[in-house]
Amino acid sequence: PARDMTVLRGNALTTVAAVRSALGITAGDALVEDRLTMLINQASATIEAELGRRLGMADYSESITPSGTQYQMLRQWPVINIASVTQFGETIDPVRYSASPDGLPILYKDDGWQVTGYPVGLAYDVVRINRNLLVDYTAGYVLPKDAAEDNPATLPADLEGLCVEMVLSAYGKMTSGGMAGLKSFGISDVRWEWINEMPPDWRRTLDRHRRWV
């Protein structure tokens, strides 16, 4: 029996149509479409793994150990909306904190994000015993595959371009039989492994979207 066709996963950072356009080929070849879809899924997973973050818009419920300062970092960005912030089981009034206006994963609170725990040792240092700060929020980009006329894609163009470039590179190697520069690559891989460093221009693109702490 014929196997099921590969489908784009939820975190796909480009579309088959965009890759076809870059290759200069038209729709119609099911095998080609299947390969491109598989490679888009792999490239997207690789990019997210390299960045250590999810890129598609999603809702999160994040339990955090409070920072003890006025600034509290979240894991995902850009932050689109803060639904609620709860500490010690009580919802904090939104007037007491604010989110970064440019979508950075930072919450600001004048009186700080209180740390609780118990003292140990001669210095009586506070040991944090739980993650008692719960933040429900929406973060991420509208991915190209999810875009509509009234809800355009917001994924940075350089990240979609990187995904397309990775697919073109792998597809070219796959169809030509050449695998120069790769240590391993296969149908079941979810990321590329390089003999040396990832191409510098790819690395520069990734570095622009990393969290640097």
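Everything below is about the structure printed above this text.
Please read all numbers here as calculations on a predicted model, not as lab measurements. (Residues numbered from 1 in each chain as written. Predicted model: local features only at pLDDT ≥ 70, side-chain atom pairs only at ≥ 80, totals over all residues. Heavy atoms only, no water.)

*Asks:* I would appreciate a short explanation of the packing of aromatic side chains in the present structure.
*Replies:* Ring pairs (aromatic) are described by centroid distance and by the angle formed between their planes. On inspection of all chains with the given rule, the structure shows three aromatic pairs. A centroid spacing of 6.2 Å and a plane angle of 50° characterise the contact between Tyr97 and Trp113, whose relative ring orientation is tilted. Here Tyr97 is found in strand β5 (residues 97-99), whereas its partner Trp113 is found in the loop between β6 (106-109) and β7 (117-120), with 16 residues between them in sequence. Considered together, Tyr97 and Trp113 belong to a single accessibility category, that of buried residues. Over the aromatic face of Trp77 sits the side chain of Arg53, whose NZ or CZ is 3.7 Å from the ring centroid. (Phe/Tyr/Trp six-rings, centres within 6.5 Å; stacked < 30°, edge-to-face > 60°. Helix = DSSP H or I, 4+ residues; strand = E, 2+ residues; numbered from the N terminus. Buried < 20%, exposed > 50% of the residue type's maximum accessible area, 1.4 Å probe, protein only. Lys NZ or Arg CZ within 6 Å of the ring centre and 35° of its normal.)

*Asks:* I keep staring at the nonpolar core and nothing clicks. Help me out?
*Replies:* One finds Leu13, Leu36, Ile40, Ile47, Leu55, Leu155 and Val167 to be the most contacted residues of the largest nonpolar core, which totals 27 residues. Of all elements in the fold, only α1 (16-23), α2 (30-51), α3 (157-176) and α4 (200-207) reach the threshold of two or more residues within this core. Setting aside anything within four residues of it in sequence, one finds Leu155 in contact with Leu13, Leu55, Tyr141, Val142, Leu143, Pro144 and Glu160. Residues Ile92, Trp113, Leu133 and Tyr137 belong to the second largest nonpolar core, which totals 15 residues. (Core = buried A, V, L, I, M, F, W, Y, C linked by side-chain atoms within 4.5 Å. Contact = heavy atoms within 4.5 Å.)

*Asks:* For this particular structure, what's the right way to read the pairing of strand β3 (residues 79-87)?
*Replies:* Sheet faces and side chains relate simply in a regular strand, where the side chains alternate between the two faces. Bridge count for β3 against strand β9 (residues 133-139) is seven bridges, and the pairing is antiparallel. By the bridge assignment, Gln87 is partnered in β9 with Leu133. Pairing geometry for β3 and strand β4 (residues 90-91), over two bridges, is antiparallel. Pairing of Thr86 across the sheet is with Thr91, part of β4. What sits between the antiparallel neighbours β3 and β4 is a turn of two residues, in which Phe88 has the positive phi angle 55°. (Pairing = 2+ DSSP bridges.)

*Asks:* For this particular structure, what's the right way to read α4?
*Replies:* The α-helix advances 3.6 residues per turn, and as a result positions three or four apart in sequence lie on the same side. Buried within α4 are the following residues: Trp202, Thr205 and Leu206. Across the axial projection of α4, the buried residues extend over an arc of 100°, all falling on one side. In α4, the exposed positions that point more than 90 degrees away from the buried face belong to Pro200 and Arg204. (Arc of directions from axis to C-beta.)

*Asks:* I keep staring at the packing of α1 against α2 and nothing clicks. Help me out?
*Replies:* Helices that pack against each other are described as a pair by the angle of their axes relative to one another and the distance between those axes. Running from N to C, α1 and α2 cross one another at 110°; their axes reach a closest spacing of 10 Å. Taken together, the axis directions place α1 and α2 in an arrangement best described as roughly perpendicular. Pair α1 / α2 crosses with right-handed handedness. Contacts from Val16, Val19, Arg20 and Leu23 of α1 reach α2 at Glu33, Leu36, Thr37 and Ile40. The residue inventory of the contact of α1 with α2, partitioned by class, reads five nonpolar, one polar and two charged. (Axes fitted to C-alpha atoms, helices over the stretch in contact; angles between N-to-C directions. Parallel < 35°, antiparallel > 145°, perpendicular 65-115°, else oblique. Left-handed = near helix turned anticlockwise from the far one by under 90°. Nonpolar A, V, L, I, M, F, W, Y, C, P; charged D, E, K, R; others polar.)

*Asks:* So what exactly am I meant to see when it comes to the pairing of β6 here?
*Replies:* Because side chains alternate across β6, one face comprises the buried residues Leu107 and Lys109, and the other comprises Ile106 and Tyr108, none of which is buried. Where strand β2 (residues 71-73) lies against β6, three bridges are found, and the strand directions are antiparallel. What sits directly across from Met73, in β6, is Ile106. Bridge count for β5 against β6 is three bridges, and the pairing is antiparallel. Directly across from Ala99, in β6, lies its bridge partner Leu107. In this antiparallel pair of consecutive strands, β5 and β6, the connection spans six residues, and Gly103 shows a positive phi of 85°.

*Asks:* Please clarify how the environment of Val164 should be interpreted in this entry.
*Replies:* Mapped onto the fold, Val164 is located in helix α3. Val164 gets classed as buried once you look at its relative accessible area, which sits at 12%. Separated by 144 residues in sequence, Val164 and Arg20 have C-alpha atoms that sit 9.6 Å apart. Ignoring any residue separated from it by four or fewer positions in sequence, one finds Val164 in contact with Thr14, Val19 and Ala22.

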